[in-house]
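Understanding the architecture of this molecule
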Amino acid sequence: MFTSAFLKGETWGFPGEAVEHIETHAAHVFLVSDRAFKIKKDVLLPYLDFSSLGRRREALQAELEINRLFTPDIYLRVDEVLGEPVLAMRRFAASALLAWRLAHDEIEPGLAGKLAAMAATSHLRAPRRDEKGADIMSGLGAQLSEAFIDSPDIFRPADTLEFHALYESALGFRRHLLTERSERGLVRRCHGDMHCGNIIVEQGEPRLFDAIEFSEKIATIDVLYDIAFLLMDLWSNGERAVANAVLNRYLDLRRAEEDLSGLATLPLFLATRAGVRALVTADLAHELALKNSMKERGQALDWFRATIDYLKVPPPMLLCIGGLSGTGKSTVAASIAPDVGAAPGAVHVRSDIERKVLAGVAETARLPPESYNRQASFEVYAACLARAERALAAGHSVVLDAVFADESERTAAAELARRSKAQFAGVWLDAPPETLKARIAARRDDASDATAEVVGKQLGYDLGRLDWQRVDAGGTIDETLKHLRRTVPFRLSAPS
């Protein structure tokens, strides 16, 4: 089916123009002028069948229809060229790919929130499916185990046995939760392939393309399994802070659907995504001569090891960060969260956000003074602890930032950790009064309503017995984080 004619511009209606050829494990893509043309390979794999002309045509038509839901301006039509069905698309710059931006360290501030919104919107629109989440994951685990067993030249049999044992144990503990999530409508017909190579960023906005089209079964999944691919991809590319921010923002945007119990499924989902990457990379290695496949074999093995690492979940921990307004609690909490607990880091619970949620207003809307009376503050702290408790109950770590000026508030946090059988550390940030007021004055579009006047009142608080670790926060954020890492008396445990 592939001939040298595909490499000529005139074949595609652009005489004399150069054709760039990109090959994947299941397709050929030809880039010429402002167009991209895709043909499917004549392949039969355990998870797809493009072995006949009819199946390839059906797959491309499905790809057109499904992806028009995400990026209708990219997917144009299905044609036939040299007797082969071809999907015609608008070509975009390579630099628009999120994967390209990762490789070139060009992830702009604010993109994490937009990625989370992109995923949340896609899941809101995705059609519900009446499939059992436990059965889906059980089937995926069995397929991975079988595939690893069939490739002893890459995956050692003893390691495959370890994977199988860890996977079955993780699945066993989460089977009821997976089924319950299905009953709540969280299994949907998703994009199915939400990694950084299938996201473009144009005019600052991320958009999905290249959804799974060849298998309704593969694309019918729990929504957290869908976004787990993006989280894993960001994490493995060294963008830990972005991965953590995407998770936290996604959970905020999906509060009506996600009660944080689903965090218990995340290690299983991340491990499965890494396992699929290992399997696909191994398939690529097997298409090459042994001497030419060393790179792919090494990559497959790296993904396999990541699969096992994701399944080895560290105990949860609760890290509370307190301090007066302007000490940088929220910035410090967001910066340290990726390093706390299992990948992709801790849930960040922020009192300023919980206050706005309770009030039913936007995060940056300003609340009246009565929203900060004693009763309102009591309710805010109760909401923060309740959210933290749900995450801890799911085995996931939490970084909770609030003023914590009252000794009873600090005691309640420590008691929550004890009750949840989680490790605990309390940190109190200190900074000079003039620094606090200057930082508050410089804030823009922030969830905090604190003012210089509020700081003045806080400086007169009686903090009571303060037995939390005190950290100097008067310098830059990097200096504060350095002090924090040196001071906190436990190991930050997110895996490498």
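In this report, we go over the structure that sits alongside the text. (Residues numbered from 1 in each chain as written. Predicted model: local features only at pLDDT ≥ 70, side-chain atom pairs only at ≥ 80, totals over all residues. Heavy atoms only, no water.)

Further remarks concern helix H5 (residues 157–183). The end-to-end C-alpha separation of H5 is 37 Å, in line with the 39 Å expected for 27 residues at 1.5 Å each. In H5, a bend of some 55 degrees at Arg174 exceeds every other bend along the element. For H5, the set of buried residues is Asp159, Thr160, Phe163, Tyr167, Ala170, Leu171, Arg174, Leu177, Leu178, Arg181 and Ser182. Close packing links the buried residues of H5 with helix H4 (133–149), strand E8 (187–189), strand E11 (220–222), helix H7 (223–236), helix H9 (266–286) and helix H10 (294–311). A positive backbone phi angle near 85 degrees is found at Gly185, which sits one or two residues after H5. (Helix = DSSP H or I, 4+ residues; strand = E, 2+ residues; numbered from the N terminus. Expected span 1.5 Å × (residues − 1). Bend = angle between axes of the 7 residues up to and from the residue. Buried < 20%, exposed > 50% of the residue type's maximum accessible area, 1.4 Å probe, protein only. Contact = heavy atoms within 4.5 Å.)

Moving on, we get to the pattern of salt bridges. Side-chain pairs of opposite charge can arise whenever the charged atoms involved come near each other. Applying the stated criterion across every chain yields a total of 46 salt bridges. Among the salt bridges present, the one from Asp73 reaches Arg207, with a minimum N-O distance of 2.8 Å. Here the residue Asp73 occupies a position in the loop between helix H1 (53–67) and strand E6 (75–81), and Arg207 occupies one in strand E10 (residues 205–208), the gap between them amounting to 134 residues. Judged by relative accessible area, Asp73 falls into the partly exposed class, the value being 33%. Arg207 gets classed as partly exposed once you look at its relative accessible area, which sits at 24%. Taken together, the shared-partner salt bridges in this structure form one network comprising Lys38, Lys40, Glu63, Asp210 and Glu213. (Salt bridge = Lys/Arg side-chain N within 4 Å of Asp/Glu carboxyl O.)

Here five strands make up an open sheet; going across it, the order is E13-E14-E12-E15-E16 and the pairing parallel. Of all the strands in the sheet, just strand E13 (347–350) and strand E16 (469–472) have a single pairing partner and so form its edges. Put simply, the sheet's adjacent strands are angled 25 degrees from each other on average, direction ignored. Packed on one face of the sheet, helix H12 (residues 351–359) meets E13 and strand E14 (398–401) and runs near 65 degrees to E13. (Pairing = 2+ DSSP bridges. Axes fitted to C-alpha atoms, helices over the stretch in contact; angles between N-to-C directions.)

Below, the discussion takes up the pairing of E13. Burial along E13 is two-sided: Val347 and Val349 facing one way and His348 and Arg350 facing the other are all buried. Across four bridges, the pairing between E13 and E14 is parallel. Across the sheet, His348 pairs through a bridge with Val399, a residue of E14.

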